[in-house]
Amino acid sequence: MTGVYSAQAQEKGKFRVGLDIGYTAASGGGGMLFDIEPKYNIADNMNVGLRIAGAATARDVNGKDAKVSTSSSYLGTYDYYFHNGSSSFAPFLGAGVGYYGLSSIGFDNSDAEIDVSGKFGGMIRGGFEVGKFRLGLEYNIIPKTKSEGFSITDDASSVEVGSVEIKNSYFGVSVGFYFGGGKWKR
C-alpha cells in the first residue's frame, strides 16, 4: 500500500495561542520580554493574530546612573511559514503593527527623568518552529520620544527642567511554545 504524504505547519481554520519569553537588546542596555499571542490559521502556512507583549530594559547602568524603560504593546500580526513538507521544522517570517505604551525613568545623582507616553509602531520577525516549540528574532520599530527631566540641587534650593530624547526601538530574541493550531500532518 502506498500513500502520498504532505506536512503542514498548522491546520487552516484552527486557533492557537503562543507564549514566548526572551531577551531584549536596546540602545545602551538590555532586559527581558514576554508575550502572549492568540492566532487564527487563515491557511495551512499563514496566520493572523494579536500579540500582547511587555518588555523591560535597563540602560546605561553604572555606580550612580541608571535608566529603566518598559513598554507594553498590542499588535496585529501576520506570519508566513516556509515549510518543505517532510518534517516538523518550519521557518517563518512575520510582521505586526499597533500601539506601544512606553514609560521610562532615569537617575543620575540628583537628576531624575520621567516619561510616560504611547506611540504607534511596528515589528518585523523571523525564526522557526519545531513541533510546538518556537525560536524567534524580532525588531520592534518605535518612534523616539522626548522625556522631561528635572534636577534638584544638593541643598534642594533649586530645580532645573530639561528634555532628553529616548530611543525606544529594540531587538528581541525569544523562545516559546504554542497550544492548539491543529496537528502536524503527514
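Counting restarts for each chain: residues are numbered from 1 in the order of the written sequence. Totals for whole chains, interfaces and linings use all residues, but because this is a predicted model, local features are given only for residues with pLDDT of at least 70 and pairs of side-chain atoms are given and counted only at 80 or more. Note that the side-chain values use all heavy atoms of the structure and ignore hydrogens as well as water.

Side note on the packing of aromatic side chains
- When the centres of two rings from Phe, Tyr and Trp lie within 6.5 Å, Trp using its six-membered ring, the rings pair. Their planes under 30 degrees apart give stacked, over 60 give edge-to-face, and anything left gives tilted. For the structure on display, the rule yields 6 aromatic pairs.
- Of note, Arg 16 hangs over the ring of Tyr 178, and the distance from its end group to the ring centre comes to 3.5 Å.
- The aromatic ring of Phe 92 is capped on one face by Arg 134, whose charged end is 4.0 Å from the ring centroid. Only when the NZ atom of a Lys or the CZ atom of an Arg is both within 6 Å of the ring centre and within 35 degrees of the ring normal do we say a charge sits over the ring.

What to know about the environment of Phe 179
- Strands are runs of DSSP state E lasting at least 2 residues, helices are runs of H or I lasting at least 4, and numbering of each runs from the N terminus. Position of Phe 179 among the secondary structure elements: in strand E10 (residues 170–180).
- Each C-alpha atom, one on Phe 179 and one on Pro 38, is 9.4 Å from the other, the two residues being 141 residues apart in sequence.

Digging into the environment of Phe 177
- For Phe 177, the position within the fold is in strand E10.
- With 44 residues separating them along the chain, Phe 177 and Phe 133 place their C-alpha atoms 4.2 Å apart.
- Those residues in contact with Phe 177 that lie beyond four places of it in its chain are Val 17, Gly 18, Leu 19, Asp 20, Lys 132 and Phe 133. Contacts between residues were defined by any pair of non-hydrogen atoms, one from each residue, lying within 4.5 Å.

Quick word on the nonpolar core
- We call a set of buried Ala, Val, Leu, Ile, Met, Phe, Trp, Tyr and Cys residues a nonpolar core when their side-chain atoms join them within 4.5 Å. Exposure classes here rest on a 1.4 Å probe applied to the protein chains alone. A residue is buried below 20% of its type maximum, exposed above 50%, and partly exposed in between. One finds Ala 26, Leu 33, Ala 55, Leu 75, Tyr 100, Leu 102, Met 123, Ile 142 and Tyr 170 forming the largest nonpolar core, which totals 9 residues.
- Leave out the neighbours within four places in its chain, and Tyr 170 touches Thr 24, Ala 25, Ala 26, Arg 51, Ala 55, Ser 71, Glu 138, Tyr 139, Asn 140 and Ile 142.

Observations regarding the side chain of Ser 174
- Turning to its location among the elements, Ser 174 is positioned in strand E10.
- A residue is classified by how much of its surface remains accessible, and Ser 174, at 7% relative accessible area, is buried.

Some thoughts on the confidence of the model for the protein
- This prediction gives the protein a mean pLDDT of 83; 80% of its residues lie at or above 70.
- As a per-residue measure, pLDDT reflects the predictor's confidence and takes values from 0 up to 100. Taken together, the stretch residues 1–8 has pLDDT below 50 and engages in 14 contacts with residues farther than four places along the chain or on a different chain.

Some points on the environment of Lys 39
- Note on placement: Lys 39 falls in strand E2 (residues 29–43).
- Looking at Lys 39, the relative accessible area reads 4%, which means it is buried.
- Taking the C-alpha atoms as reference points, Lys 39 and Gly 49, 10 residues apart in sequence, are found 4.0 Å from one another.
- Residues in contact with Lys 39, not counting those within four places in the same chain, are Lys 14, Phe 15, Arg 16, Asn 47, Val 48, Gly 49, Asp 79, Tyr 81, Arg 125 and Arg 134.
- A distance of 2.8 Å separates the side chain of Lys 39 from the side chain of Asp 79, its partner in a polar contact. Contacts described as polar in this section are N or O atom pairs within 3.5 Å, which, within protein, must combine one atom able to donate a hydrogen with one able to accept it, while residues neighboring in sequence count only if both atoms come from side chains.

Quick notes on the side chain of Ser 104
- As for its placement among the helices and strands, Ser 104 is situated in strand E5 (residues 89–108).
- Classification of Ser 104 as buried rests on a relative accessible area of 12%.
- Among residues more than four places away in sequence, those in contact with Ser 104 are Val 68, Ser 69, Glu 113, Ile 114, Asp 115 and Ile 166.

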